[in-house]
Amino acid sequence: MARSLLALLLPLLLACQAGGELLMVYSVQRHGARNVLPKTATLKESDAAGGPTLLPEGQLQAYKVGVAYRERYMNPEGCGRNASLTGATCLEAELAEPGPEYGVVGSPDGLFNNFNTMVRSSSLDRTIMTARSFLDGAFPPINQPTATKYLPDGQQVVPVYALPEDGSGALIRSYTMCPAYDARLTDWYASDEFKAKEAETKPLRDTIAAAAPGLDTSLKNWWNVYDGFNVFRTYGVGTPMPTIPDATFDEMQQVAYWLETAKMRSELTGNLLGGLVLADLVRYLDAAEAATASNDVELIYYKMLHLSGHYNTQLGLLGALQIDQDPATANFTWFKKIPSLAAVMAFELHSDPSTRPADLAVRLVMQDGAGKPYTTIPLPCASAGDSAEALAGPGACSLDAFRALAEPLAFNTTGDWCTACGNTKMSTCQLQQAAQNITQLEARLSGSSTSDGSSSSSGSSSGSGLSGGAVAGIAVGCAAAVAALLSAAFFVYHRKVTAQLKQAHLADTYGNSVPFAA
């Protein structure tokens, strides 16, 4: 009887296991509502350091998205198996109410800590504040304050690592630092497509010009026109704008959406704007795979990685993966309009623990702003009906297939990105170029002498009073002295540049938290 009951239950038990488990989430978020942001035609900001502030409405948007993130990934009642998901989406198997808890490694509180959780942001007010607001939703106040520990309101304090603009910030804001992309964008402004859109939108732009005299209503500057009207109309801040009919504003918005999404097409961006993020993503996916395959329980990896950035960060990453060229995404909303305020996209790494080695699948999902459901963005490497789809759902692909897609499009070093973008102004790029120059000069110096240290010469010292041999000797001595001085100078400079390169590498990995050591 017991054996018969087991035979009946075994298929059900296996079916319950088939969905697998979630190993890692790598998410990229757009900031919430902010004050007016003037931008140039090549996406450069013309505001003060720190940029426009995140508005109170933007804080709430980011907080609500953080709450939804918690429900999907860190609330044991919400992240378990349900009808809309192929498998469980809990980041930790041991989640329990009232979690999730962020704590200190080695202490009883907190399954999440700085060894498995990392939140990075561009170094701007709107993204840092978005990250903080998001985290307040993802990690709600649950601590029990005492006279000696925790904040009085029980808040969980999760760090946000801000990436400096002149360095590792290119991870999130490549679109503002890439001359090669600027050149492509400038060429596009002269294209037949853009000129046709200028003609098509002229009546609308003339209407706005008449309503707001002195405003630059060119199509190149249209985002600034729309942004000024939108922020004042919606939030009551910024330069006062005249009242216009709703239908006119809707038309204005559609043109702005066309302009901004067109700038982010993969045919324009290539991998220039998302190649660094791809490399970062693949590196952490690899680490999760290695930790899962190892029997070493001490091998740790980041389970929750979050980038607080911009819609150009999100669209640049999609462009690098050429997702807009995939017929399966023809109707994807972000290719028709920009991501909504506080929108988040997330790469999930799913595992089937019943297989050895474990089958791994990558799924890309998005939440288009607060209150919207999570939906899947099909990956170009997905294959209908395969094991990855069975594990993580339609649109997912195996980790190997995703790696094969992403690695050729990724920039594994910032130096590779500097070269591809033609960036010679960012400090990291300058250091890379300096290192290359030193290597080339050292090679020239080492080749200026023969293997026995002598140097060949010909001719005579006509009128000098010195023999050819004497002149040759002096030449050799001078060359040796100059070479020695140059070598010494290059040695000192080489040490300095090497130290700076190491610091830049650490900053790329850990943010701006490592002090420079000369």
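Residues numbered from 1 in each chain as written. Predicted model: local features only at pLDDT ≥ 70, side-chain atom pairs only at ≥ 80, totals over all residues. Heavy atoms only, no water.

The end-to-end C-alpha distance of helix 8 (residues 246-263) is 26 Å, a good match for the 26 Å that 18 residues give at a rise of 1.5 Å each. Where burial is concerned, most of helix 8 is hidden: 13 out of the 18 residues are buried. (Helix = DSSP H or I, 4+ residues; strand = E, 2+ residues; numbered from the N terminus. Expected span 1.5 Å × (residues − 1). Buried < 20%, exposed > 50% of the residue type's maximum accessible area, 1.4 Å probe, protein only.)

Before going further, it helps to examine empty space enclosed by the protein. Counted by the stated rule, this structure contains one cavity of 30 Å³ or more. Space inside the largest cavity adds up to approximately 100 Å³. Along its surface, the largest cavity is lined by 15 residues, and Leu 37, Lys 39, His 310, Tyr 311 and Asn 312 are the ones closest to its centre. Broken down by class, the residue content of the lining of the largest cavity amounts to five nonpolar, four polar and six charged. (1 Å grid on protein atoms, 1.4 Å probe; cavity = no way out; pocket = protein on both sides within 12 Å on 5 of 7 lines; lining within 4 Å. Points joined across faces, edges and corners; volume = space filled by probe spheres on them. Nonpolar A, V, L, I, M, F, W, Y, C, P; charged D, E, K, R; others polar.)

The next thing to look at is the packing of helix 6 (residues 192-211) against helix 8. Packing of helix 6 against helix 8 leaves a shortest axis separation of 11 Å and a crossing angle of 155 degrees. As the angle between them shows, helix 6 and helix 8 are arranged roughly antiparallel. Crossing hand, helix 6 versus helix 8: left-handed. In this structure, helix 6 uses Glu 193, Phe 194, Lys 197, Thr 201, Leu 204 and Ile 208 to contact helix 8, whose residues at the interface are Thr 248, Glu 251, Met 252, Val 255, Trp 258 and Leu 259. A per-class count over the contact of helix 6 with helix 8 returns seven nonpolar, two polar and three charged. (Axes fitted to C-alpha atoms, helices over the stretch in contact; angles between N-to-C directions. Parallel < 35°, antiparallel > 145°, perpendicular 65-115°, else oblique. Left-handed = near helix turned anticlockwise from the far one by under 90°. Contact = heavy atoms within 4.5 Å.)

What follows deals with the side chain of Ser 122. Considering the arrangement of structural elements, one finds Ser 122 in strand 2 (residues 117-122). The class for Ser 122 is buried, based on a relative accessible area of 1%. A distance of 2.8 Å separates the side chain of Ser 122 from the side chain of Thr 127, its partner in a polar contact. The residues contacting Ser 122, other than those within four sequence positions of it, are Thr 127, Ile 128, Leu 163, Ile 172, Arg 173, Ser 308 and His 310. (Polar contact = N/O pair within 3.5 Å; in protein donor to acceptor, adjacent residues only side chain to side chain.)

So, on to the pairing of strand 1 (residues 21-30). Burial within strand 1 is extensive, with nine of its 10 residues counted as buried. Two strands pair when backbone bridges link them, and strand 1 and strand 5 (residues 344-352) are joined in this way by eight bridges, in the antiparallel orientation. When the bridges of strand 5 are listed, Met 24 appears paired with Leu 349. Here strand 1 runs beside strand 4 (residues 304-309); their pairing, made up of six bridges, is parallel. Bridging across to strand 4, Ser 27 finds its partner in His 306. (Pairing = 2+ DSSP bridges.)

In this section: the state of the cysteines. Formally, a disulfide is one covalent bond, and it connects the sulfur atom of one cysteine to the sulfur atom of another. Applying the stated criterion to the full structure yields four disulfides. Across a sulfur-sulfur distance of 2.0 Å, Cys 79 and Cys 90 are joined as a disulfide pair. When the S-S torsion is 95 degrees, as for the bridge of Cys 79 with Cys 90, the disulfide is right-handed. Of this pair, Cys 79 sits in the loop between helix 2 (56-73) and strand 2 while Cys 90 sits in the loop between helix 2 and strand 2, and the two are 11 residues apart along the sequence. Like Cys 90, Cys 79 is buried. A sulfur-sulfur separation of 2.0 Å characterises the disulfide bridge that pairs Cys 418 with Cys 429. Given an S-S torsion of about -75 degrees, the disulfide between Cys 418 and Cys 429 has left-handed geometry. With Cys 418 in helix 14 (residues 414-421) and Cys 429 in helix 15 (residues 427-446), the pair connects residues that are 11 residues apart, well separated along the chain. (Disulfide = S-S within 2.5 Å.)

Residues Met 24, Tyr 26, Trp 222, Phe 347, Phe 402 and Trp 417 are the most contacted members of the largest nonpolar core, which totals 88 residues. Ranked by residue count, the leading element in this core is helix 10 (residues 275-293), at 10 residues. Split by domain, the residues of this core number at least three in each of domain 1 (21-172 + 274-409) and domain 2 (179-266). If we skip the residues at most four places from it in the chain, Trp 417 touches Ala 170, Ser 174, Met 177, Cys 178, Leu 272, Leu 276, Phe 411, Asn 423, Met 426 and Cys 429. Within the second largest apolar cluster, 25 residues are counted, among which are Val 65, Cys 90, Ala 138 and Phe 139. (Core = buried A, V, L, I, M, F, W, Y, C linked by side-chain atoms within 4.5 Å. Domains from an automatic or database assignment.)

What follows is about the packing of aromatic side chains. In the structure shown here, the tally under the stated rule is 18 aromatic pairs. Aromatic side chains Tyr 102 and Phe 139 sit 5.9 Å apart centroid to centroid with 80 degrees between the ring planes, which places their arrangement in the edge-to-face category. On the criterion of sequence distance, the pair formed by Tyr 102 in the loop between helix 2 and strand 2 and Phe 139 in the loop between helix 3 (125-138) and strand 3 (161-163) is long-range, its members being 37 residues apart. For Tyr 102, a relative accessible area of 11% translates into the label buried. On the basis of an interplanar angle of 80 degrees and a centroid distance of 5.0 Å, the ring pair of Phe 332 and Phe 335 is categorised as edge-to-face. Assessed through its relative accessible area of 23%, Phe 335 is described here as partly exposed. Over the ring of Tyr 374 we find Arg 72, and its NZ or CZ is 4.6 Å from the ring centre. Note that Lys 197 overlies the ring of Trp 258, its terminal NZ or CZ placed 5.0 Å from the centroid. (Phe/Tyr/Trp six-rings, centres within 6.5 Å; stacked < 30°, edge-to-face > 60°. Lys NZ or Arg CZ within 6 Å of the ring centre and 35° of its normal.)

Another aspect to go through is the pairing of strand 2. Within strand 2, six of the six residues are buried, which leaves it mostly tucked inside the rest of the structure. Of the two faces of strand 2, the one carrying Thr 117, Val 119 and Ser 121 and the one carrying Met 118, Arg 120 and Ser 122 are both buried. Where strand 2 and strand 4 come together, five bridges link them in parallel fashion. Bridge pairing in strand 4 links Ser 121 to Ser 308. Strand direction decides the pairing type here: strand 2 and strand 3, joined by three bridges, are parallel. Paired with Arg 120 across the strands is Tyr 161, a residue of strand 3. As a crossover connection, the stretch from strand 2 through helix 3 into strand 3 is right-handed. (Right-handed = clockwise from strand over helix to strand, strands pointing away.)

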